[in-house]
Amino acid sequence: FRRVLFRSPTWPEAARDNIAPMQRRAFLTSSLGSYFTAAAAQQLASPNQVVQNAREAALKILQPSAGQLERGLELHRNSLVFESYGFMPRAAADGDALRALVEAGGSEAEYQDLYEELSMTRYVTNAAERQEYLDAWRTAGVTCILQNAGEEGSDPRRLIKRLGRYTYTTHFLRDHVSQAVEPNDVLAAKKANRHCVYMTGNGVPIPGLWTTVEEELAYIRIFFQLGVRMMHLTYNRRNMIGDGCGEPANAGLSDFGRAVVAEMNRLGVIVDIAHSGWQTSLEAAKASKKPMVASHTTCAALHRHIRSKPDEVIKAIVDTGGLVGI
């Protein structure tokens, strides 16, 4: 099952007004808290008040029995818990560093780049940010996040930035959060009470020289060697692989796209069509010889949206041995 990591949820005013403040100590000594084993109580409690408030709100709505809650926490604690596509927690940016860049005449692009750099790496060098980062991992209880480590597009120079930043983090915080490069790494992280990330990308790296197909496919192997294990074929718009979900034409997979799917299958990179058009998604599923995914989507039969998938596509994905993340 999926668990979504979050850092600062915003609750509606009415909901906040109806939730009586409850501190960690008070919760753990309450009549409900008294039913828990020490492990269950530790798992539910959080030093982060934002997380704690959200959990108290959930308990107030769901009203589980002590037995149900204990059993659910036990299952969660003992399971391999994956986030099928997302971000590990980010750090707060350094306002002084951003201000200095603005005062020095930095461009908007430079500002955005520095902001991302700080938010994705600052917990390595800042003790307070690191503690909040690790607290978020612990309280969420997620074993592995398939980590978005690329920006939207196909330019290798653009895609490599986030990959470099998140790799840097896993190098320096490897005792807590490591980079998984094969499935056994996830099992090892769970056994050691650590967490890990599987790197994914928001696009297939394509240099765009268009001399040969082989040359265009070469960066898929390079990014695989750098640790990327899943890639979006498209991101909303049309590219040389196929149509994204935001294109009204809904054209399918191109000949080049079929070569991309075959190369990803060969290397062991998971094909992800979360942001692909319906026809592209369907044809990719039929072309793939390995399990593939729509990592984050919804059912068109329940909620018709450009990011949803119709039943035919969902079945085709499942028929590959893959999964659909709702």
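Provided above is the structure to which this section pertains.
Described in the following lines is the structure provided in the data block. (Residues numbered from 1 in each chain as written. Predicted model: local features only at pLDDT ≥ 70, side-chain atom pairs only at ≥ 80, totals over all residues. Heavy atoms only, no water.)

## Details of the pattern of salt bridges
We apply this condition: Any Lys or Arg side-chain nitrogen found within 4 Å of a carboxyl oxygen on Asp or Glu counts as a salt bridge. Secondary structure follows DSSP: runs of H or I at least 4 residues long count as helices, runs of E at least 2 residues long count as strands, and numbering of each begins at the N terminus. For each residue, the accessible area found with a 1.4 Å probe, counting protein chains only, is set against the maximum for its type, and the residue is called buried under 20%, exposed over 50%, and partly exposed in between.
With the rule as written, the count across this model stands at 14 salt bridges. Across the pair Arg165 and Glu116 runs a salt bridge whose closest N-O atoms are separated by 3.9 Å. Highlighted residues: Arg165 in helix α9 (residues 156-172) and Glu116 in helix α7 (residues 108-125), separated in sequence by 49 residues. For the pair formed by Arg165 and Glu116, the shared burial category is buried. With a shortest N-O distance of 3.1 Å, Asp155 and Arg157 are connected by a salt bridge. The exposure class assigned to Asp155 is partly exposed, which follows from its relative accessible area of 28%. What you see here is one network of salt bridges that share partners, running through Asp113, Glu116, Glu117, Lys161, Arg162 and Arg165.

## Examining helix α4 (residues 49-62)
Formally: The length a helix should cover is 1.5 Å for every residue beyond the first.
With 14 residues, α4 should cover 20 Å at 1.5 Å per step; its first-to-last C-alpha distance of 20 Å lies within 8% of that length. Of the residues making up α4, those classed as buried are Val51, Gln52, Ala54, Arg55, Glu56, Ala57 and Leu59. Of the residues one or two after α4, Gln63 is the one with positive phi, at around 50 degrees.

## Quick notes on the pairing of strand β4 (residues 195-201)
As a reminder, the rule being used: Here a strand pair is declared whenever DSSP counts at least two bridges between the two strands.
Here β4 lies mainly inside the structure; seven of its seven residues are buried. Residues of β4 alternate between two faces, with His195, Val197, Met199 and Gly201 on one and Cys196, Tyr198 and Thr200 on the opposite face, all of them buried. Judged from the five bridges that link them, strand β2 (residues 144-148) and β4 form a sheet pairing that is parallel. Opposite Cys144, over in β4, you have Cys196 as the bridge partner. The sheet contact formed by strand β3 (residues 177-179) and β4 spans three bridges and is parallel.

## Considerations on the side chain of Ser295
With respect to the secondary-structure elements, Ser295 resides in the loop between β7 (293-294) and β8 (298-299). In this structure Ser295 comes out as buried when scored by relative accessible area, which is 1%.

## Examining the nonpolar core
Our working definition: Here, the term nonpolar core denotes a set of buried Ala, Val, Leu, Ile, Met, Phe, Trp, Tyr and Cys residues that are joined through side-chain atoms within 4.5 Å. Contacts were defined at the residue level, with two residues in contact if any of their heavy atoms lie within 4.5 Å.
Met88, Val204, Ile220, Leu233, Val260 and Met264 are the most contacted members of the largest nonpolar core, which has 46 residues in total. No other element matches helix α12 (residues 255-267), which puts five residues into this core. Apart from the residues within four sequence positions on either side, Met264 is in contact with Val204, Ile220, Met231, Leu233, Val269, Ile270 and Val271. Of all hydrophobic cores here, the second largest spans 10 residues; its members include Ala189, Cys196, Tyr198 and Val293.

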